[in-house]
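Below, each chain spelled out in residue letters.
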Amino acid sequence: MRARSFFISTLKEAPADADIVSQQLMIRAGMIKRLAAGVYTYMPMGLRSIRKIETIIREEMNRAGAIELLLPMVQPAELWQESGRWEKYGPELLRFKDRHERDFVIQPTSEEVITDFARQEIRSWRQLPVNFYQIQTKFRDERRPRFGVMRGREFTMKDGYSFDRDQAGALVSYDKMFNAYQAIFKRLGLNFRAVAADTGSIGGDRSHEFQVIADTGEDLIAYCPTSDYAANIELAPAPALIETRAPATETMQKVPTPGKEKCEALVEYLGRELTSSMKSVVLAADRVNEKGEPIEPQIVMILLRADHELNEVKAGKLEELKEGFRFATDEEIVHAFGSKPGYLGPVGVNSDIVVYADLTAAKMSDFICGANEEGYHITGVNWGRDLPEPKVADLRNVVEGDASPDGKGILRLQRGIEVGHVFYLGTKYSKALNATYLDENGKPQVLEMGCYGIGVTRLLGAAIEQGHDEQGIIWPESIAPFEVVICPMGYSKSDMVREAADQLYEELLAAGVDVILDDREMRPGVMFADWELIGVPHRFVVGERGLKNGEVEYVSRRALKEKHMVKIEDAVAFLKTQRQ
């Protein structure tokens, strides 16, 4: 490729509304261009990287025995109604009607369609196991699309689906895909972790996320440095930090605490430790009566030690909240407790309010909590003596220093960006859509399923969040838009430079190197800045001064200050020693 025959569109500055580094650099490097909120045109430079990602995915999926197909973006509502997700998926599901007033959706994912395909095409146990995948455009109507391709509305995703006879076979398929994903992300050249994860709205039982490690990641990962344990913080078990509840030693007292709504201010005012205080989180589960009419929501009070944070995924698994919940409004809180937030506690609450305590909170004694009266708290509170024993569950996020669930060390936390997810679905969709096969005895059996996704376009942003500096992007070599750029100094003015640059270009092409020759008329500093911004891993500079000694200059994008003079006849061999 020669630069004059390509399309290069770099900018000195990113738009003011570009939120994060990857979005800023992708726009400046001419990789994406915003069309609407969360919707981008992928420019030629960005598309080259996308195609390289897709190639690696296809090669590893094919190697693992998966079969590529292409499912429609537009899907009939009937399938989503059949699975039950038409109502449950929420406003992210973009619904529309055609000219005949029939309901359709733009796919955010394809469990329904692939299951419908399977129930029509898979008839016999002899056709199993089988695994299908596609690389296709998806659309999710995010409330607040942001962070460029990291949380856009339209994006490209690889999604795959396995079908097996039984659970044992499904878990074998799961492991094959898990291993294939490991291979994919290693080939992409990314620093990543595979972590145990919650299954979320997809459903299912076994689940792992693939997280690209980056300080700007939205997800928090708990891992053990001395073992293989790693999990999304949403899933990581948080043990009780108090082994045995101590006996009561204080008398319960109501004390004035004017303006001390925050636990930190409260304990400072009382001269106590933060770990002696209990905080309350109030959740609400909306309900309807037998006629489908809304009635008062179920109010659930969650109690946590004051230094801990609520894990909403764990809360969503409580019996009273598993059909969905929200944070209670101030009006609902005042109605239920008689006080505004900041002074809430479990003492004397109405019997229709469900009270849960986290494992650690349930073992506290002589603790401080709100008095359900503005400006007052209660000290010296003890379970059993002063209030009924609560329901108890693991409801908090783990913190650094917690014991690793595998018993092999302590937990550390780091941020990551989810770029892949594998699920064991079981029969969640096959039962709902009656997807069956005939076994050896001619009896129908429900298909066992797995689901496997990779955010193709999100990987661009994740790779940049992991690899960049003040000059621009630092790509892994495998997905850079070009591996090598040749920068000739005075290409149109010097026959010596032009001939040497052309010769090196042809030699690199012959060696199978993805190279671009910058034959534009640009000052050296501007040319170098362009390619450093774009992030091409290797650069050869061809100039008359070096050629007088038969040499060209080599610079690695990862070490811009280290320059190597290389004999031009050795340039291709030298590059091989520098490639990842």
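As the structure is a prediction and not an experimental result, all values here were calculated from the model.

**Quick word on the sheet that holds strand β16 (residues 326–327)**
- Judged by pairing direction, the sheet is mixed, and its five strands sit side by side in the order β16-β14-β15-β17-β20 without closing on themselves. In this open sheet, the two edge strands, each paired with only one partner strand, are β16 and β20 (391–393).
- Bridge count between strand β15 (residues 294–305) and strand β17 (residues 354–358): four bridges; the pairing is parallel. Residue pairing for β17: Leu 303 is matched across the bridge by Ala 357.

**What about empty space enclosed by the protein?**
- A complete count under the given rule lists one cavity of 30 Å³ or more for this structure.
- A volume near 60 Å³ is recorded for the largest cavity.
- Taken together, Val 485, Trp 531, Glu 532, Val 536, Pro 537, His 538, Arg 539, Val 555, Ser 556, Arg 557 and Leu 560 form the lining of the largest cavity.
- Secondary structure elements with two or more residues in the lining of the largest cavity: α13 (524–534), β27 (538–542) and β28 (551–556).
- When the residues that make up the lining of the largest cavity are grouped by side-chain class, the tally is six nonpolar, two polar and three charged.

**Digging into the environment of Ile 378**
- Within the secondary structure, Ile 378 is located in strand β19 (residues 376–381).
- Ignoring any residue separated from it by four or fewer positions in sequence, one finds Ile 378 in contact with Met 252, Gln 253, Lys 254, Val 347, Phe 367, Ile 368, Cys 369, Gly 370 and Ala 371.

**Some points on unusual backbone geometry**
- The step from Leu 128 to Pro 129 runs through a cis peptide bond, and the omega angle for that step is 0 degrees.
- Take Pro 129: it is sitting in the loop between α5 (111–121) and β7 (130–139).
- With phi around 55 degrees, Asn 434 is a residue other than glycine that occupies positive phi space.
- When you line up the elements, Asn 434 lands in the loop between α10 (428–432) and β22 (436–438).
- The class of Asn 434 is exposed, set by a relative accessible area of 56%.

**Here's the deal with helix α7 (residues 263–270)**
- Inspection of α7 places Cys 263, Leu 266 and Val 267 among the buried residues, and these make up the whole buried set. Down the axis of α7, the sector holding all buried residues measures 90 degrees, keeping them to one side.
- Downstream of α7 by a residue or two, Gly 271 has a phi angle that is positive, lying close to 70 degrees.

**Considering the sheet that holds strand β25 (residues 484–488)**
- Taken in spatial order, the five strands line up as β26-β25-β27-β28-β29 in an open sheet, and their pairing is mixed. Both outer strands of the open sheet, β26 (515–517) and β29 (559–567), are each paired with one neighbouring strand and no more. On average, adjacent strands in this sheet sit at an angle of 25 degrees to one another, irrespective of strand direction.
- Pairing of β28 with β29, which is carried by six bridges, proceeds in the antiparallel orientation. Across the sheet, Val 552 pairs through a bridge with Val 566, a residue of β29.
- In the packing of α13 onto the sheet, contacts are made with β25, β26, β27 and β29, and the angle to β25 comes to roughly 175 degrees.

**Describing the pattern of salt bridges**
- Counted under the stated rule, the structure contains 45 salt bridges.
- When the shortest N-O distance is used, the salt bridge between Glu 60 and Arg 63 registers 2.5 Å. Highlighted residues: Glu 60 and Arg 63, both in helix α2 (residues 44–63), separated by three residues, approximately one helical turn.
- Owing to a relative accessible area of 8%, Glu 60 belongs among the buried residues under this scheme.
- Residue classification places Arg 63 among the exposed residues on the basis of a relative accessible area of 60%.
- The shortest N-O distance in the salt bridge between Arg 520 and Asp 518 comes to 2.8 Å.
- The class of Arg 520 is buried, set by a relative accessible area of 17%.
- Here the salt bridges do not stand alone but share partners, grouping Arg 51, Glu 54, Arg 58 and Glu 68 into one network.

**As for the packing of α2 against helix α11 (residues 456–466)**
- At a minimum axis separation of 9 Å, α2 and α11 run at an interaxial angle of 115 degrees. Comparing the axis directions of α2 and α11 gives the class roughly perpendicular. Judged by the twist between their axes, the crossing of α2 over α11 is right-handed. Mapping the contact onto sequence places Gly 46, Ser 49, Ile 50, Ile 53, Glu 54 and Ile 57 in α2 and Val 456, Thr 457, Leu 459 and Leu 460 in α11.
- Among the residues making up the contact of α2 with α11, the classes are represented as six nonpolar, three polar and one charged.

**Concerning the layout of surface pockets**
- For the second largest pocket, the calculated volume is near 460 Å³.
- Here the lining of the second largest pocket gets five residues from one element, more than from any other, and that element is strand β14 (residues 278–288).

**Looking at the nonpolar core**
- In this structure, Tyr 181, Phe 185, Leu 188, Trp 475 and Trp 531 are the most contacted members of the largest nonpolar core, which totals 64 residues.
- Of all the elements, helix α6 (residues 167–187) adds the most residues to this core, at eight residues.
- Listed in part, the 25 residues of the second largest apolar core include Val 282, Ala 336, Ala 357 and Val 381.

**A word on the packing of aromatic side chains**
- In the structure shown here, the tally under the stated rule is 14 aromatic pairs.
- With a centroid separation of 5.4 Å and an interplanar angle of 55 degrees, the aromatic rings of Tyr 181 and Phe 210 are classed as tilted. Of this pair, Tyr 181 sits in helix α6 while Phe 210 sits in strand β10 (residues 206–213); the two residues are 29 residues apart in sequence, bridging distant segments of the chain.
- Tyr 181 gets classed as buried once you look at its relative accessible area, which sits at 0%.
- For Phe 210, a relative accessible area of 0% corresponds to the buried category.
- Clustering of aromatic rings is evident, with ring pairs tying together Phe 178, Tyr 181, Phe 185, Phe 192 and Phe 210.
- Over the ring of Phe 528 we find Arg 539, and its NZ or CZ is 4.2 Å from the ring centre.

Cut-off values and rules
- Residues numbered from 1 in each chain as written.
- Predicted model: local features only at pLDDT ≥ 70, side-chain atom pairs only at ≥ 80, totals over all residues.
- Heavy atoms only, no water.
- Pairing = 2+ DSSP bridges.
- Helix = DSSP H or I, 4+ residues; strand = E, 2+ residues; numbered from the N terminus.
- 1 Å grid on protein atoms, 1.4 Å probe; cavity = no way out; pocket = protein on both sides within 12 Å on 5 of 7 lines; lining within 4 Å.
- Points joined across faces, edges and corners; volume = space filled by probe spheres on them.
- Nonpolar A, V, L, I, M, F, W, Y, C, P; charged D, E, K, R; others polar.
- Contact = heavy atoms within 4.5 Å.
- Buried < 20%, exposed > 50% of the residue type's maximum accessible area, 1.4 Å probe, protein only.
- Arc of directions from axis to C-beta.
- Axes fitted to C-alpha atoms, helices over the stretch in contact; angles between N-to-C directions.
- Salt bridge = Lys/Arg side-chain N within 4 Å of Asp/Glu carboxyl O.
- Parallel < 35°, antiparallel > 145°, perpendicular 65-115°, else oblique.
- Left-handed = near helix turned anticlockwise from the far one by under 90°.
- Core = buried A, V, L, I, M, F, W, Y, C linked by side-chain atoms within 4.5 Å.
- Phe/Tyr/Trp six-rings, centres within 6.5 Å; stacked < 30°, edge-to-face > 60°.
- Lys NZ or Arg CZ within 6 Å of the ring centre and 35° of its normal.

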